[in-house]
Amino acid sequence: IFEGDRQVTEEAEGAQHGEDVDVVVAETHPEADAVGVDVRGQRMQLIVTGSIAFDYLMSYPGKFTDHFLPEHMDRVSLSFLVDSMDKRRGGCAPNIAYTLALLGERPRLMATAGQDFGDYRRWMEGAGIDTSLVRTVDGKFCASFFCSTDEHNNQIASFYTGAMANAAELSF
């Protein structure tokens, strides 16, 4: 979809209606003949939106199912001692922006992040991603995914939306 000199993906149209999507908006024109360059010969500005998150991945050296008792399924309260944990940078928008940066682009990231975003921001800026459009939300952490995997690849996971819940406050 082209709006004047602005190309907007179909997903961007959905985002205007409150759908949870990742969007790339590029300043371009339908007659542009080179990737990343508009008809005036200028580089396009790529803006990537979506979640910024951390993934906490843990390994449990047993089987979760050994601890579920059929006669107590009405009140489940379990705790598992994991033998490893890995914290990884995640979220759809940073993953897309990082790939664009690897391809030589200078994408701009537009999202909300939590008070724990500082190191992640510095890493992205070092990777060639412009984070000037990221709004830090005081009193919240970045969205986080917590996943424990047992020896049979069964998983127990939780997701915390954190600052991502404030994304609707952003506007182009």
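The preceding data block contains the structure.
The model shown is predicted, which means the values in this text are computed figures rather than measured ones.

Q: Can you break down the nonpolar core residue by residue, with the values?
A: Ranked by internal contacts, the top residues of the largest apolar core, which has 20 residues, are Ile52, Leu109 and Phe117. If you list the elements that add at least two residues to this core, you get strand 4 (46-49), strand 5 (53-59), helix 2 (92-102) and helix 3 (118-126). The element that contributes the greatest number of residues to this core is helix 2, accounting for 4 residues. Beyond its immediate sequence surroundings of up to four residues, Leu109 is in contact with Val48, Ile52, Ala93, Pro94, Met124, Ile129, Asp130, Thr131, Leu133 and Val134.

Q: I'd like to hear about the sheet that holds strand 11 (residues 155-160), residue by residue, with values.
A: If you walk across this open sheet you meet the 4 strands as 6-5-10-11, and the pairing is mixed. Of all the strands in the sheet, just strand 6 (84-90) and strand 11 have a single pairing partner and so form its edges. Here the strands of the sheet are splayed against their neighbours by 15° on average, with no regard to which way each runs. Where strand 10 (residues 143-149) lies against strand 11, 6 bridges are found, and the strand directions are antiparallel. Bridge assignment links Cys147 to a residue of strand 11, and that residue is Ala157.

What counts, and at which threshold
Residues numbered from 1 in each chain as written. Predicted model: local features only at pLDDT ≥ 70, side-chain atom pairs only at ≥ 80, totals over all residues. Heavy atoms only, no water. Core = buried A, V, L, I, M, F, W, Y, C linked by side-chain atoms within 4.5 Å. Buried < 20%, exposed > 50% of the residue type's maximum accessible area, 1.4 Å probe, protein only. Helix = DSSP H or I, 4+ residues; strand = E, 2+ residues; numbered from the N terminus. Contact = heavy atoms within 4.5 Å. Pairing = 2+ DSSP bridges. Axes fitted to C-alpha atoms, helices over the stretch in contact; angles between N-to-C directions.

The analysis is restricted to geometry; functional conclusions fall outside its scope.
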